[in-house]
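Each chain is listed here by its residues.
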Amino acid sequence: MKAKKVLQIALALDFAAWAHSTQRRKGGAREPYINHLTEVARLVAQATGGKDHKLIIAALLHDVLEDQALHVNYAMLVDHFGERVARIVLEVTDDKSLPKAERKRLQVVHAPHLSRRARILKIADKAANLNSILHTPPRDWSAARKREYFAWAAEVVAGCRGVNEWIEAVFDERLSLGKF
Ligand code: ZN
């Protein structure tokens, strides 16, 4: 891999760690948020055989625009990581001004219209979330809520399919473990 690509991945990792430094996952283990980002980055790296550094960078940054409190905007991402990376991140960012149910509905509607890279990232994100729910679910989540999340994730991923066999298989395996 070219030195510049490695350097950009390191910069993105540091940027993400700082941006999310005060956040924790809502799962029972309350892992630092960066663990979610590194898992998703690892999944897209494996899915693409390490050949798509921009997708790895977008994975590290994929949640940075969604939370307004992080004070990161699209222009900053373009500035630091270029327009291609910023656009992938924007594609997978929900509009937080909308109610949660509407955001969830729109993820299903938008999935088939995402770019190939955004779809791989979306599947990896959902696969990581399923894993968290399987191993360290939020303490207050009932079996019904877990079932509901799994069903919704499967719907979003259905709209993303046909982009990468490996990541789709990882998702499907985790989905099959969801017997709540
Ligand atoms: Zn995520």
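Preceding block: the structure.
Throughout what follows, the structure given in this document is the object of discussion. Every value quoted in this text rests on a predicted model; they were computed, and no experiment measured them. (Residues numbered from 1 in each chain as written. Predicted model: local features only at pLDDT ≥ 70, side-chain atom pairs only at ≥ 80, totals over all residues. Heavy atoms only, no water.)

## Notes on the pattern of salt bridges
In plain terms, the rule: The salt bridge definition used is simple: a Lys or Arg side-chain nitrogen within 4 Å of an Asp or Glu carboxyl oxygen. Helix and strand assignments follow DSSP, with helices taken as H or I runs no shorter than four residues and strands as E runs no shorter than two, numbered in order from the N terminus. The classification of residues rests on relative accessible area computed with a 1.4 Å probe and restricted to protein chains. Under 20% of the type maximum is buried, over 50% is exposed, and intermediate values are partly exposed.
Enumeration according to the criterion identifies 4 salt bridges in this entry. Ionic pairing is found between E102 and R105, a salt bridge with its closest N-O pair at 3.1 Å. Taken together, the positions of E102 and R105, both in helix α6 (residues 100–110) and 3 residues apart, correspond to about one turn of that helix. Overall, the relative accessible area of 45% leaves R105 in the partly exposed class. Across the pair R161 and D172 runs a salt bridge, and its minimum N-O distance is 2.7 Å. Residue R161 is located in the loop between α8 (143–158) and α9 (165–176), and its partner D172 is located in helix α9; the two are separated by 11 residues in the primary sequence. Take R161: its relative accessible area is 32%, and that puts it in the partly exposed class.

## Re the nonpolar core
For clarity, the threshold we go by: As used in this record, nonpolar core signifies buried Ala, Val, Leu, Ile, Met, Phe, Trp, Tyr and Cys residues forming a set joined through side-chain atoms within 4.5 Å. Contact definition: two residues touch when any of their heavy atoms are within 4.5 Å.
Ranked by size, the top nonpolar core spans 54 residues in total, and within it L61, V64, L77 and L121 carry the most contacts. Of all the secondary structure elements, the ones that give two or more residues to this core are α1 (3–19), α2 (33–47), α3 (53–60), α4 (74–81), α5 (83–91), α7 (116–135), α8 and α9. The greatest single-element share of this core, amounting to 9 residues, is contributed by α7. Not counting residues within four places of it along the chain, the set of residues in contact with L121 comprises V40, V44, L55, A58, A59, H62, I88 and V92.

## Quick word on a positive patch on the surface
Spelled out, the test is: Each patch is built from salt-bridge-free residues with over 30% relative accessible area, joining like charges within 9 Å and nonpolar side chains (Val, Leu, Ile, Met, Phe, Trp, Tyr) within 5 Å. Working definition of accessibility: Shrake-Rupley area with a 1.4 Å probe, residue cover restricted to the visible protein chains. For the purpose of counting charges, residues Lys and Arg are taken to be positive, whereas Asp and Glu are taken to be negative. His and the chain ends are not included. Think of each charge as sitting on NZ of Lys, CZ of Arg, CG of Asp or CD of Glu.
Together, K26, K96, K100 and R145 make up a region of like positive charge exposed at the surface. Tracing the backbone through its elements, the reader meets K100 in helix α6. Since its relative accessible area comes to 43%, K100 is described here as partly exposed.

## Re the packing of α2 against α3
Rules: Under this scheme, a helix contributes an axis fitted over its contacting stretch, all axes are lines through C-alpha atoms, and angles between N-to-C directions fall in the 0 to 180 degree range. In what follows, roughly perpendicular refers to angles from 65 to 115 degrees, roughly parallel to angles under 35, roughly antiparallel to angles over 145, and oblique to any angle outside these ranges. Note on convention: the crossing is left-handed when the near helix lies turned anticlockwise from the far helix by less than a right angle, right-handed when the turn is clockwise.
Look at α2 against α3: their axes get within 8 Å of each other, and the N-to-C directions meet at 160°. The angle between the axes of α2 and α3 places the two elements in the roughly antiparallel class. Of the two elements, α2 crosses α3, and the hand of that crossing is right-handed. Along its contact with α2, which presents L37, T38, V40, A41, V44 and A45, the element α3 presents L55, I56, A59 and L60.

## Some remarks on the packing of α3 against α7
Put simply, α3 and α7 touch, their axes get as near as 10 Å, and they point 50° apart. Classed by the angle they form, the pair α3 and α7 counts as oblique. Of the two possible hands of crossing, α3 and α7 adopt the one that is right-handed. Listed contacts from α7 to K54, L55, A58 and A59 of α3 are R117, I120 and L121.

## Quick look at the packing of aromatic side chains
Rules: The rule is short: rings of Phe, Tyr and Trp, with Trp giving its six-membered ring, pair when the centres are within 6.5 Å, and they are stacked under 30 degrees, edge-to-face over 60, tilted in between.
One pass over the full model with this rule turns up 4 aromatic pairs. Between W141 and Y149, the ring centres sit 6.0 Å apart and the planes meet at 45°, which makes this aromatic pair tilted. Given a relative accessible area of 10%, W141 falls into the buried group. Measuring from centroid to centroid gives 5.0 Å for F150 and F180, while their planes differ by 80°, and the two rings are edge-to-face. Placement of the pair is F150 in helix α8 and F180 in the segment after α9, with a sequence separation of 30 residues. Assessed through its relative accessible area of 4%, F150 is described here as buried. Take F180: its relative accessible area is 30%, and that puts it in the partly exposed class.

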